[in-house]
Amino acid sequence: MSSRSPSNTSTHHSNTAFNQDTTTQSDKPKMASAEGSQPDTAPAPAGPQGAGAGAGGPGGPPGGKPQLKKFSYGFWSPELAMLRSIIFKILGGGTVITILVMWICLPFYWGSLWKSNRYTNKLTVRVINRDSGSIGSFVSSALLNQTNLKYFYTSVTEFPTDAEVENDIVEEGAWAAIVVQPGVTANLLTARQTGNSSWNGTSAVHVYYNQGRQETAVNSYLVPYIQAELGAIVGRASAQSIGQYISSNSGNTTAMNLLAQAPTTVTNSVYFTMVNLRPYSQPVAQAITLVGLIYMLIFSFIITMNNNAAREIIGPYLRTKDLIIMRLAVPMILYLPISFLFAMISLPFKVDFGAHYTYAGGFFLWAFTLYLGMSAVGLATEFAITILGPKFMGFFLIPLIIANVSVASLPHELQPWIYRYGVAMPFYNVGRVVRTIIFNTKNTIALNIGILLAWTVFSLITITFATWLFRRFAINAHRKEMGENEFDEKA
């Protein structure tokens, strides 16, 4: 089996669509086999000794030049000098670009976490005092003087019942609410005076919070600060209350005897109860809400690379319209089975998709959200590969991952202002949807899906334009080459 020489290939331009100085895809296997039939030698590249000057190089056409023997040299052999130079340029250039991308992108992610403990005063906490006595006034006033969290007073008339407070926390009106229950001061006094041993100090104050909203912020900052600060405040309130009662009844034996019958009114007579309205009760959810989204992007990237490899085979022979249709339709079709099977991975691990909708409804909504998420990030890589080419796509993937992860690992309240862009990023919006599905948090699914659709439509437009533009460049270059070849033939 033999291959056509370059001179033979260049004489049949009229039947092909692009760059006819290269062989067609169907010819490449023939050339590969032909090259394989010459295992011993190859034309030598230009080097210090001048061997293989001009067109010489491994796999090039023989022309009386000294040949390089395969499997015959050490890495530092003089005959490989030019090849070593090429290798060093590739490796050195790639290393420099890698370092640049590293120093541009990684500090951006580091910065999203760097000062999170300094922004805790942006986590809002409602303070509602339903008690008309001294204990309620003391606790609410002391809380409002704290600075680690953003405590703010809310009138009782704004939320007449605790059920309304709970709904407000779920709907993200605040990160938490501390409610001093009605009649705490009077009821505690009555319990002491009657020797009520069933008094429960933890009923004095209720703390409502929503762990499913963002477990890192709640577990690392919100709950620890509330427990520490409120614990110290109610401890002081309890101590002051019992001190005042004993002082005012020091000579009253009956009162002291009744007090002795109710020890819970003496120690921890005022305390609090933590009420987690949306527990982060599914640990495997972490694989969905953050880490799984990185995998979603990687799978989308793999589709982009496969699509590019397939398109290079047939793309040069397609009309521009058909090429654009192929570029848009292929990934959108491939995302369907991949996103559905990706969603199914959670089923054996008993992820509860029925917290907000029915189990089936929640699952299919999650699969559809994954499809939109893959479209949002995957089509962005489809556009990027048009501009950068496959060789540099790895350098685009890293910034894309970091730009999304930086705003999904913490709420924007705990980050510098520059990270506020996160509400428009695909990871953030996919995460919001899945939290609603599995934890029944605030429902903003319509907004989140709208943003994912906007990313998808935007990428479809940019891919269309970029494909048309680069096809124009290719057609113009092809026509110019055809004209030069015709001139050469006439000459």
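Residues numbered from 1 in each chain as written. Predicted model: local features only at pLDDT ≥ 70, side-chain atom pairs only at ≥ 80, totals over all residues. Heavy atoms only, no water.

Peer 1: What exactly am I supposed to notice about the overall build of the protein chain here?
Peer 2: Counting its secondary structure elements, the protein chain contains 15 helices and seven strands. Counting the 491 residues in the protein chain, one finds 43% classified as buried. Here the analysis covers contacts within the protein chain between residues at least 6 apart in sequence; of these, 76% occur between residues at least 24 apart. Surface accessibility of the protein chain: about 24900 Å² in total, with carbon and sulfur atoms responsible for 64%. (Helix = DSSP H or I, 4+ residues; strand = E, 2+ residues; numbered from the N terminus. Buried < 20%, exposed > 50% of the residue type's maximum accessible area, 1.4 Å probe, protein only. Contact = heavy atoms within 4.5 Å. Areas by Shrake-Rupley, 256 points an atom, 1.4 Å probe, with all protein chains shown as cover.)

Peer 1: Please explain helix H4 (residues 134-144) as it appears in this structure.
Peer 2: Side chains three or four residues apart in an α-helix point the same way, a direct result of the helix having 3.6 residues per turn. The complete set of buried residues in H4 reads Ile 135, Gly 136, Val 139, Ser 140, Ala 142 and Leu 143. All buried residues of H4 fall inside an arc of 165° around its axis, so they share one side. In this fold, the buried residues of H4 make contact with strand S3 (124-129), strand S4 (150-153), strand S5 (176-180), helix H6 (184-194) and helix H7 (215-248). (Arc of directions from axis to C-beta.)

Peer 1: Looking at this model, I keep getting lost on the confidence of the model for the protein chain. Mind explaining?
Peer 2: The predicted coordinates of low-pLDDT regions are not to be read in fine detail. Averaged over every residue, the pLDDT of the protein chain is 86; the share at 70 or more is 85%. Low confidence marks residues 1-41, where pLDDT is under 50. Its contacts with residues over four positions away, or in another chain, come to 54 contacts. Low pLDDT, under 50, characterises residues 46-60; the stretch is placed with 31 contacts to residues that sit more than four places away or in other chains. (pLDDT = per-residue confidence, 0-100.)

Peer 1: Would you take a moment to explain the pattern of salt bridges for this structure?
Peer 2: Close approach of charged atoms allows side chains of opposite charge to pair. A full pass over the atoms with the stated rule returns ten salt bridges. Note that Arg 435 and Glu 215 form a salt bridge whose closest N and O atoms lie 2.8 Å from each other. Pair noted here: Arg 435 is in helix H14 (residues 426-439) and Glu 215 is in helix H7, with a separation of 220 residues, a long-range link. Through salt bridges with shared partners, a single network forms among Glu 172, Arg 213, Glu 413 and Arg 432. (Salt bridge = Lys/Arg side-chain N within 4 Å of Asp/Glu carboxyl O.)

Peer 1: Help me understand the side chain of Arg 192 in this model?
Peer 2: In this structure, Arg 192 sits in helix H6. One buried charged side chain, Arg 192, makes no salt bridge at all; its nearest oppositely charged neighbour is Asp 131, positioned 11 Å away. Apart from residues no more than four positions distant in its own chain, Arg 192 is found in contact with Ser 238, Ser 241, Ile 242, Tyr 245, Leu 258, Leu 259, Thr 265 and Ser 269. (Lys, Arg positive; Asp, Glu negative; His and termini not counted.)

Peer 1: How should the nonpolar core be read in this particular structure?
Peer 2: Soluble globular proteins tend to bury their nonpolar side chains together. Ranked by size, the top nonpolar core spans 44 residues in total, and within it Trp 366, Phe 427 and Ile 438 carry the most contacts. Only helix H10 (291-314), helix H11 (320-344), helix H12 (359-388), helix H13 (393-405), H14 and helix H15 (445-490) provide two or more residues apiece to this core. Broken down by element, the residue count for this core peaks at 13 residues, all from H12. Counting 36 residues, the second largest nonpolar core, distinct from the first, contains Val 125, Val 180, Ala 217 and Ile 226. (Core = buried A, V, L, I, M, F, W, Y, C linked by side-chain atoms within 4.5 Å.)

Peer 1: Got a minute to help me understand the packing of aromatic side chains in this structure?
Peer 2: Geometry of an aromatic ring pair is reported as the spacing of the ring centres plus the angle between the planes. Within this structure, the stated rule accounts for 17 aromatic pairs. Both rings, one in Phe 108 and one in Tyr 419, keep their centres 4.8 Å apart while their planes meet at 40°; by these two values the pair is tilted. On the criterion of sequence distance, the pair formed by Phe 108 in helix H3 (residues 81-114) and Tyr 419 in the loop between H13 and H14 is long-range, its members being 311 residues apart. With a relative accessible area of 25%, Phe 108 lands in the partly exposed category. An aromatic cluster is defined as three or more aromatic residues linked by ring pairs; in this entry it consists of Phe 340, Phe 353, Tyr 359, Phe 363 and Phe 364. A cation sits over an aromatic face here: Arg 213 above Trp 175, 3.8 Å from the ring centre. (Phe/Tyr/Trp six-rings, centres within 6.5 Å; stacked < 30°, edge-to-face > 60°. Lys NZ or Arg CZ within 6 Å of the ring centre and 35° of its normal.)

Peer 1: Any chance you could explain the side chain of Gln 282 here in plain terms?
Peer 2: Residue placement: Gln 282 occurs in the loop between strand S7 (272-276) and helix H9 (286-289). A distance of 2.6 Å separates a polar side-chain atom of Gln 282 from the backbone nitrogen of Asp 352. Among the polar contacts listed, one links the side chain of Gln 282 to the backbone oxygen of Ile 438, at a separation of 3.1 Å. Among residues more than four places away in sequence, those in contact with Gln 282 are Lys 350, Val 351, Asp 352, Ile 438 and Phe 439. (Polar contact = N/O pair within 3.5 Å; in protein donor to acceptor, adjacent residues only side chain to side chain.)

Peer 1: Is there a simple way to think about the sheet that holds S4 in this case?
Peer 2: Backbone-to-backbone hydrogen bonds join strands into a sheet, with any given pair of strands oriented parallel or antiparallel. With mixed pairing, the five strands of this open sheet are ordered in space as S4-S3-S5-S6-S7. The strands lining the two open edges of the sheet, one partner per strand, are S4 and S7. For this sheet, the mean angle separating the axes of adjacent strands, direction not counted, is 20°. As judged from the five bridges shared by strand S6 (residues 205-209) and S7, these two strands associate in the parallel manner. If you follow Val 205 over to S7, its bridge partner there is Phe 272. Sheet strands touched by helix H5 (residues 162-170): S3, S5 and S6. Its angle to S6, the strand with the most contacts, is close to 30°. (Pairing = 2+ DSSP bridges. Axes fitted to C-alpha atoms, helices over the stretch in contact; angles between N-to-C directions.)

Peer 1: In this structure, what is going on with H14? I would like to understand it.
Peer 2: Between its first and last C-alpha, H14 extends 20 Å over 14 residues, near the 20 Å set by a 1.5 Å rise per residue. For H14, the buried fraction is high: 13 of the 14 residues fall into the buried class. Downstream of H14 by a residue or two, Asn 440 has a phi angle that is positive, lying close to 60°. (Expected span 1.5 Å × (residues − 1).)

Peer 1: Explain the environment of Thr 273 here, please?
Peer 2: Here Thr 273 lies in strand S7. The partly exposed category is assigned to Thr 273, whose relative accessible area is 28%. It is 9.8 Å that separates the C-alpha atoms of Thr 273 and Gln 227, two residues lying 46 residues apart in sequence. Ignoring any residue separated from it by four or fewer positions in sequence, one finds Thr 273 in contact with Thr 202, Ser 203, Val 205, His 206 and Val 207.

Peer 1: What is the right way to read unusual backbone geometry from this model?
Peer 2: For residues other than glycine, phi is negative in most cases, and the peptide bonds are mostly trans. The backbone of Glu 172 shows a phi angle near 65°, a positive value even though the residue is not glycine. As for its position among the elements, Glu 172 is in the loop between H5 and S5. The backbone of Asn 440 shows a phi angle near 60°, a positive value even though the residue is not glycine.

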